[in-house]
Amino acid sequence: MFLNTLTPKFYVALTGTSSLISGLILAEVNPSLEYPSRMTCYSTSELGTNIKSFLLHDEKQSAIKKYQAFQRGDLRLAVNKEIFEWWYFRKYGTSFIEQVSVSHLRPLLGGVDNSAPNAANAANGDADSNRQSVSECKVWRNPLNLFRGAEYNRYTWVTGREPLTYYDMNLSAQDHQTFFTCDTDHMRPADAIMQKAWRERNPQARISAAHEALELNECATAYILLAEEEATTIVEAEKLFKQALKAGEGCYRRSQQLQHHGAQYEAQHRRDTNVLVYIKRRLAMCARKLGRTREAVKMMRDLMKEFPLLSMFNIHENLLEALLELQAYADVQAVLAKYDDISLPKSATICYTAALLKARAVSDKFSPEAASRRGLSTAEMNAVEAIHRAVEFNPHVPKYLLEMKSLILPPEHILKRGDSEAIAYAFFHLQHWKRVEGALNLLHCTWEGTFRMIPYPLEKGHLFYPYPICTETADRELLPSFHEVSVYPKKELPFFILFTAGLCSFTAMLALLTHQFPELMGVFAKAFLSTLFAPLNFVMEKVESILPSSLWHQLTRI
């Protein structure tokens, strides 16, 4: 990777730096060498011409003195320089020599960068890669998040543990302020109260503010807050959301008529749209939780048709889970065909649902022993490849599906490809994998093979972008402290490779020390050998003292 990414600028910079170091070595060997007194006044082309003629004039003498400097130990300087260059590249992803020469030495020499467009394109490429890495570590709203009052709080009452972290709840507060408020809220007293309520940290203060807003007006966002936080059952939450739907539809129709009258009306209409979509989605989730799955599927389909551009809510993931509950696998495949596209962002739900559908075709008859004897069929190979694809996207899911790790309540926000997303997926989809006969057995037999297919080092990736290194830190913020965060499995080197590398390094060190300090290393070698054979000499002396001399003489002859 290091050698393949070196640019022509690196080789130019390396040549110039090597010439500079050679000049310093020459000056150290013979300080009386006289350089042209006006060298600092030359232009770049004149400087190169004079250096060339100077080196040609003193070529023989320079070579002799370079060799003398090399004999004095300047090899260590070169080795250290190369080690530092390698370390700097691994840490920062760029060459130290190239960066210093291009950023600092070229302006001093008056050089002009003729590749400014290329540099600009490279800068844009770096910015795109940075944005990609940021998007990889972006925290997303969990499309299947639970109700805070009816589910999260009940867990706290029973276990005494807090399932949500402060960081997670703070992200939810920011989402509520983004989706449920706008700049014109101060013009309406109820909305102004709710604007302050979403910023409150105390749950009781938020609930009291919502009741205060309802005393002034039928406020849809106030009903949302009460349904999410005050309702202790899903039935109560559904009743409040139905009241919110009635108020939200009225506000949406009024703002829809005025949305083209100015920027403020357009922002208000955008807010009312977000409120209406949120209410309908949560009503569909209530119907799903209360067992009315077909009704929930219809509500989700209608919502996706009515607002096709609002993909930020990821309603299709709610639809996939509901269709799997109905065992409508053909409809699941149709949804995947639309959203499992190369241009759309992936998720654990999409990747693992696609793997489940392909595993369903072969899992009931799959046997590891039979597959090892006859080989994998085409359908089995497709299922295994789909599992490998899913595991590479999120390697934490299989341990939860195979019940190798205990599940907890999913957080309100997830990190794609992280442990939080794995928990959220397995919490709702484990039952669907268990329903398909043999699917978990196929997953158990094949999921670890994914890590043999990913190129080494793991940062390169295979079918997706390289696994982001920021997931572990973000997951520790999202998940409660009593949960042990799953980390990306690291590929361990075989013992033989480690032993060989250590032996070669030790041999090279001994050779270098012997070359530099031959007499001292000879003394150390004699002391080491004498210490090593001391027990053997002691045993031989004891044997000689115990055995008769004639018998010992016969043994030595043998």
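Residues numbered from 1 in each chain as written. Predicted model: local features only at pLDDT ≥ 70, side-chain atom pairs only at ≥ 80, totals over all residues. Heavy atoms only, no water.

**With respect to the overall build of the protein chain**
For step 1, the next point in the chain: Looking only at helices and strands, one finds 26 helices and 2 strands in the protein chain.
For step 2, the next point in the chain: Within the span of the protein chain, comprising 558 residues, buried residues form 40% of the whole.
For step 3, the next point in the chain: The long-range share in the protein chain, meaning contacts at least 24 apart out of those at least 6 apart in sequence, stands at 69%.
For step 4, the next point in the chain: Element-wise, carbon and sulfur atoms account for 59% of the exposed surface of the protein chain, whose accessible area totals about 33,100 Å². (Helix = DSSP H or I, 4+ residues; strand = E, 2+ residues; numbered from the N terminus. Buried < 20%, exposed > 50% of the residue type's maximum accessible area, 1.4 Å probe, protein only. Contact = heavy atoms within 4.5 Å. Areas by Shrake-Rupley, 256 points an atom, 1.4 Å probe, with all protein chains shown as cover.)

**Quick look at helix H7 (residues 166–180)**
For step 1, the next point in the chain: Taking 1.5 Å per residue as the helical rise, H7 with its 15 residues ought to reach 21 Å, and the 21 Å between its terminal C-alpha atoms agrees with that figure.
For step 2, the next point in the chain: Buried residues along H7 sit against strand E1 (139–141), helix H6 (148–159), helix H10 (220–230), helix H12 (263–289), strand E2 (413–415) and helix H23 (471–478). (Expected span 1.5 Å × (residues − 1).)

**Section: the environment of Ala287**
For step 1, the next point in the chain: Looking at the secondary structure, you find Ala287 in helix H12.
For step 2, the next point in the chain: Residues Ala287 and Val235, 52 residues apart in the sequence, show an inter-C-alpha distance of 9.3 Å.
For step 3, the next point in the chain: Excluding residues that lie within four positions of it along the chain, Ala287 makes contacts with Arg292, Thr293, Glu295 and Ala296.

**Remarks on the nonpolar core**
For step 1, the next point in the chain: Counting residues in hydrophobic clusters, the biggest one holds 97 residues, and the most contacted among them are Met194, Ile224, Phe241, Ile279, Tyr352, Leu401 and Trp433.
For step 2, the next point in the chain: In this structure, Leu144, Leu146, Leu164 and Phe428 belong to the second largest nonpolar core, which totals 6 residues. (Core = buried A, V, L, I, M, F, W, Y, C linked by side-chain atoms within 4.5 Å.)

**Focus on the packing of helix H14 (residues 315–325) against helix H20 (residues 419–435)**
For step 1, the next point in the chain: In the contact formed by H14 and H20, the axes pass within 10 Å of each other and the chain directions differ by 35°. When the axes of H14 and H20 are compared, the crossing they make is left-handed. Touching Glu321, Leu324 and Glu325 of H14 are Phe428, His429, Gln431, His432 and Arg435, all from H20.
For step 2, the next point in the chain: The residue makeup of the contact of H14 with H20, split by class, is 2 nonpolar, 3 polar and 3 charged. (Axes fitted to C-alpha atoms, helices over the stretch in contact; angles between N-to-C directions. Left-handed = near helix turned anticlockwise from the far one by under 90°. Nonpolar A, V, L, I, M, F, W, Y, C, P; charged D, E, K, R; others polar.)

**Overview of a nonpolar patch on the surface**
For step 1, the next point in the chain: Together, Phe528, Leu529, Leu532, Phe533, Leu536 and Met540 give the surface a local cluster of nonpolar side chains, amounting to about 590 Å² of exposed area.
For step 2, the next point in the chain: Relative to the elements of secondary structure, Leu532 occurs in helix H25 (residues 518–546). (Patch = residues over 30% accessible without salt bridge, like charges linked within 9 Å, V, L, I, M, F, W, Y side chains within 5 Å. Salt bridge = Lys/Arg side-chain N within 4 Å of Asp/Glu carboxyl O.)

**Some details on the packing of aromatic side chains**
For step 1, the next point in the chain: Inspection of every chain in the model, using the stated rule, returns 6 aromatic pairs.
For step 2, the next point in the chain: Look at Tyr252 and Phe307: their rings are 6.1 Å apart centre to centre, the planes differ by 75°, and that puts the pair in the edge-to-face class. Residue Tyr252 is found in helix H11 (residues 234–258), and its partner Phe307 is found in the loop between helix H13 (293–306) and H14; the two are separated by 55 residues along the sequence.
For step 3, the next point in the chain: Each ring, one from Tyr352 and one from Tyr425, has its centre 5.4 Å from the other, and the planes form 35°; the classification is tilted. On the criterion of sequence distance, the pair formed by Tyr352 in helix H16 (residues 348–360) and Tyr425 in helix H20 is long-range, its members being 73 residues apart.
For step 4, the next point in the chain: By relative accessible area, which is 2% here, Tyr425 ends up buried.
For step 5, the next point in the chain: An aromatic cluster is defined as three or more aromatic residues linked by ring pairs; in this entry it consists of Phe180, Trp198 and Tyr278.
For step 6, the next point in the chain: Here the guanidinium or amino end of Lys138 rests over the ring plane of Trp140, the centre of that ring lying 4.5 Å away.
For step 7, the next point in the chain: Its end group placed over the ring of Phe147, Arg282 keeps NZ or CZ at 4.0 Å from the ring centre. (Phe/Tyr/Trp six-rings, centres within 6.5 Å; stacked < 30°, edge-to-face > 60°. Lys NZ or Arg CZ within 6 Å of the ring centre and 35° of its normal.)

Spatial relationships are all this shows, so hold off on functional conclusions.
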